[in-house]
Amino acid sequence: MQEVKEYTPLIVAFCCNWCSYAGADLAGSSRLSYPANVKIIRVPCSCRVNPMFILKAFQRGADGVIMCGCHPGDCHYTSGNYYARRRMSLLFSMLDYMGIERERTRVEWVSAAEGAKFANVMNEFAKTINELGENKRLEDLRCK
Amino acid sequence: MQRIGVFVCWCGSNIAATVDVERVAEAVKSEPGVVFSTQYQYMCSENGQQLIRQAIKEHNLTGVVVCSCSPRMHEATFRKTAESAGINPYMVEIANIREQVSWIHKDIEEGTEKAIILARTAIAKVNLNAPLTAGETKVTKRALVIGGGIAGIQSALDIAEAGYEVDIVETKPTIGGRMAQLDKTFPTLDCAACILTPKMVDVAQNEKITLYTYSEIEDVKGFVGNFSVKIRKKARYINEDACTGCGVCMNACPSKKGLNEFNQGLNNRPAIYIPFAQAIPNIAVIDPQQCLKIKNGKCGLCAMKCPSNAIDYTQTDEIVEREYGAIVVATGYKTIDLDKFGEYAYNESKDVVTSLELERLMNAAGPTKGTLLRPSDGEHPHDITFIQCVGSRDTSGCGKPYCSKICCMYTAKHAMLIREKYPDVKVHIFYIDVRTPGKNYDEFYRRAAEQYGVDYIKGMVGKVYPQPNGKLLVQGSDLINNEQVLIESDMVVLATAIEPEPSVRRIATLLTTSIDTNNFLTEAHAKLRPVESPTAGIFLSGVCQGPKDIPETVSQASACAAKVIGLLAKNTLKGNACVAGPDESMCNGCSVCANVCPYGAITYVDKEFRLGGGKTETRRVSQVNQAICQGCGACTVACPSGAMDLKGFANKQIMAEVEAICKR
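The sections below set out a description of the structure shown in this document. (Residues numbered from 1 in each chain as written. Chains lettered and ligands numbered in written order. Predicted model: local features only at pLDDT ≥ 70, side-chain atom pairs only at ≥ 80, totals over all residues. Heavy atoms only, no water.)

1. Regarding the overall build of chain A
Logical step 1: Helix and strand counts for chain A stand at four helices and four strands.
Logical step 2: For chain A, the α and β elements follow one another from N to C terminus as β-α-β-α-β-α-β-α.
Logical step 3: The principal-axis extents of the C-alpha atoms in chain A amount to approximately 55 × 35 × 20 Å.
Logical step 4: Counting every position in chain A, which comprises 144 residues, the buried fraction comes to 60%.
Logical step 5: Contacts in chain A between residues far apart in sequence, at least 24 positions, make up 79% of those at least 6 positions apart.
Logical step 6: Carbon and sulfur atoms provide 52% of the accessible area of chain A, an area that totals close to 6100 Å².
Logical step 7: Treating the 19 positive side-chain charges of chain A as one cloud and the 15 negative ones as another, the clouds have centres 7 Å apart. (Helix = DSSP H or I, 4+ residues; strand = E, 2+ residues; numbered from the N terminus. Buried < 20%, exposed > 50% of the residue type's maximum accessible area, 1.4 Å probe, protein only. Contact = heavy atoms within 4.5 Å. Areas by Shrake-Rupley, 256 points an atom, 1.4 Å probe, with all protein chains shown as cover. Lys, Arg positive; Asp, Glu negative; His and termini not counted. Charge placed at Lys NZ, Arg CZ, Asp CG, Glu CD.)

2. Remarks on the nonpolar core
Logical step 1: A:V12, A:F14, A:V49, A:I54, A:V65, B:I602 and B:M644 are the most contacted members of the largest nonpolar core, which totals 58 residues.
Logical step 2: Counting residues per element, this core draws most heavily on helix α3 (residues 80-98) of chain A, which supplies six residues.
Logical step 3: Membership of the second largest hydrophobic core comes to 39 residues, among which are B:V6, B:V65, B:A115 and B:A122. (Core = buried A, V, L, I, M, F, W, Y, C linked by side-chain atoms within 4.5 Å.)

3. Quick notes on the pairing of strand β3 (residues 64-69) of chain A
Remember that side chains alternate between the two faces of the sheet whenever the strand is regular.
All names here are of chain A.
Logical step 1: Of all six residues in β3, six are buried; the element is thus mostly enclosed.
Logical step 2: Residues of β3 alternate between two faces, with G64, I66 and C68 on one and V65, M67 and G69 on the opposite face, all of them buried.
Logical step 3: Bridge analysis of strand β1 (residues 11-16) against β3 gives five bridges, and the strand direction is parallel. Bridge assignment links A13 to a residue of β3, and that residue is I66.
Logical step 4: When β3 meets strand β4 (residues 105-109), the two strands line up parallel, connected through five bridges. Along β4, the bridge assignment pairs I66 with R106. (Pairing = 2+ DSSP bridges.)

4. Digging into the sheet that holds strand β23 (residues 455-458) of chain B
Hydrogen bonds between backbone atoms are what pair the strands of a sheet, whose relative direction is either parallel or antiparallel.
Residues and elements named next belong to chain B.
Logical step 1: In spatial order, the strands read β20-β27-β21-β22-β23; together these five strands make up an open sheet with parallel pairing. Bordering the open sheet on either side are β20 (352-354) and β23, each of which pairs with just one other strand. Each strand axis lies, on average, 20° off the axis of its neighbour in the sheet, ignoring direction.
Logical step 2: One ladder, built from five bridges, connects strand β21 (residues 383-390) with strand β22 (residues 426-431); its direction is parallel. Opposite I387, over in β22, you have F430 as the bridge partner.
Logical step 3: Across the sheet, helix α14 (residues 407-421) touches β21, β22, β23 and β27 (491-496), and the angle it forms with β21 is around 175°. (Axes fitted to C-alpha atoms, helices over the stretch in contact; angles between N-to-C directions.)

5. Some remarks on the pairing of strand β7 (residues 165-169) of chain B
All names here are of chain B.
Logical step 1: Most of β7 is tucked away, with four of its five residues classed as buried.
Logical step 2: Alignment of strand β6 (residues 142-146) against β7, held across five bridges, turns out to be parallel. If you follow R142 over to β7, its bridge partner there is E165.
Logical step 3: In this view, the connection linking β6 to its parallel neighbour β7 by way of helix α7 (residues 150-161) has right-handed handedness.
Logical step 4: Summarising the sheet, β7 and strand β10 (residues 209-212) pair through four bridges and their orientation is parallel. Bridged to D167 within β10 is T210. (Right-handed = clockwise from strand over helix to strand, strands pointing away.)

6. Brief notes about the sheet that holds strand β12 (residues 226-233) of chain B
All names here are of chain B.
Logical step 1: Reading across from one edge, β11-β12-β17 is the order of the three strands in this open sheet, with antiparallel pairing throughout. Each of the sheet's edge strands pairs with one partner strand only, and the pair in question is β11 (215-223) and β17 (318-324). Strand-to-strand, the axes of this sheet are offset by a mean angle of 20°, without reference to chain direction.
Logical step 2: Inspection of the sheet shows β12 paired to β17 by seven bridges, in the antiparallel sense. What sits directly across from F227, in β17, is Y324.

7. Some points on the state of the cysteines
Logical step 1: In this structure the tally under the stated criterion is one disulfide over all chains.
Logical step 2: Covalent S-S linkage joins B:C191 and B:C194, the inter-sulfur distance amounting to 2.3 Å. When the S-S torsion is 90°, as for the bridge of B:C191 with B:C194, the disulfide is right-handed.
Logical step 3: Unpaired in this structure, A:C68 has its nearest cysteine sulfur neighbour in A:C15, at a distance of 4.5 Å.
Logical step 4: Classification of A:C68 as buried rests on a relative accessible area of 1%.
Logical step 5: The thiol sulfur of B:C302 is not disulfide-bonded, and the nearest other cysteine sulfur, from B:C291, lies at 5.9 Å.
Logical step 6: You can call B:C302 buried: its relative accessible area is 6%. (Disulfide = S-S within 2.5 Å.)

Geometric descriptors of this kind do not, in isolation, establish any biological role.
Below, the structure is given as structure tokens:
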């Protein structure tokens, strides 16, 4: 009988340098664990996240993408997170239309002081993605 | 092709305990561009840095990946290391395998695997890194201090002492803040006014310091070294240059029913007033909500009586715009609202007061001229109960989860002062713990408990019942004797929790600096950078950063000033090297990028381009001012033609990171 290996989903997290990445650091220094399949990419601001990055992630086999930024009003660059919020709500509804479930994409605001929130968000998001399983919708676009 | 060196740090056992560092160093050897990889106990140590420098020289490295702690910790360190070995500092990338791996994943297999992926991701990025140089910007040699309490006063005096211009913006009509309201200060029992007011006078007389009292911050633009701030000088309805502070107007005013803010609303003041005798500046102010002349045009008595013709009912707010190199936030605190604490009967009985109100009741300049009298009937009290931790260390959601830090000490002070002045008054204190760390603090508390016979009861108060005879029945528990206690008191004093002044939220937003869940401003590093905010050029002084007493506040204020002086002493600042820039061959000058730029860094120029065959074309293209660009990247995503990109976080680099992470 062939052994069935449990599928580990892959989650890409874009974190802004000033709030969320620092929040992730705080989660780390407070030893608050979250699943190892969450991998963080540091960007200066959530508004640096080009929709193309997210498309690329899904195309390359990511099962969930989360974007974290400073709380509304607290952006290090004054207004970057507002742009990001608008862009992402458009992109996520388009992805939904393409068949990538709404639950696979998420925007969260995590401040530099919210290490516990960061860990909670990641745990919860990873749980959701685990339940959804593999993202096959863009598989035919993958260069496998 | 880059020649990349990978350096895996053990961080002692911090990383090495849950990540197989040797396997990480081995696994990345076959990655594209990697020509060298090694591991070492402490990469950030001098020996570790020497190892990097040596490898750069020996292997002719062009790029460096350090797998270590967060880049927020040591990116700057390793960039310097690389620079000293002759390669561009921006050719260094950090893979964060401590905060993101070893500290949160217990399983070695899982941790090592993730560390390898993060290392590969950083390698993929370095392969596309390009040398960058930071531009330089000038520093405006002037500081702004927001808040004129003891924190702001101390910071401003120290900065002015070093020879720099300082402006203080204070929302109240006078500087002095909370400390001016206090009667005595622990642990020496100095009179607060005696030690504070000379400092206030120093501020007023210092030619380097400009005071903007009764003023608010309207808008903040710019960045470290180059802030541009709009200050709203609210209308005082007084010609500041003419007013001599004689106080004749206060007696003339017929509208005397305003609550005296300085006395915590315990007595009244006229519509035109000077907050207290030693106010700086000693200039009257009119409360427009209360003034009969301003409200309905009928009165004008104060203008008639004013000997210096200083009153101007038509005055309007004025906006002042100034440039600063650094900003100190010293917005202070207030006591919390007690609406959620009905059990203490604060809203039912006048004889239940907060500790700050007690300060005014005991102060010679207060409503009772310093004689302690019951607020309800003006009688001498015989029995006073203090309740500690009202709203502090409260996890029920009604109060604050933190310890307000100052209450144990000021309650010991109050108890001691009352017993000293009125030996017939019995004093009880209900406490959860008595916390007295600090020089001569525990000795002070012991004096209160042992020499002054203050009745310390370990336990909490369940309820305060106002009695028909005007007394207050305090029902509490005594945990040491394990019994319920009932005490009939004449007054109850609540050690009310302190919280940041609510206006700090708006200030934090204007300064784009972060705030925690309790509205305290976040420092850049909890231990190593406690007076800097994460936003460059913004510094934190006093209780706006966390609860603290006067000596701590003054220390922090001076530390803040030292940081500001260090910044203002520089003529230029190294700017941000990671700035945006267009690929002019793709740009069509559509203006979308300029519209989203929060700094106004993008302008347009007409440029001539060669088309080949001797032909040229003139096109409008965007231009980024490198001194102004802060590198957020908003324009890069907005650009419809994909011409705009961000150095250091280029589209190709982030795409490569995404690919490296998703590679299975």
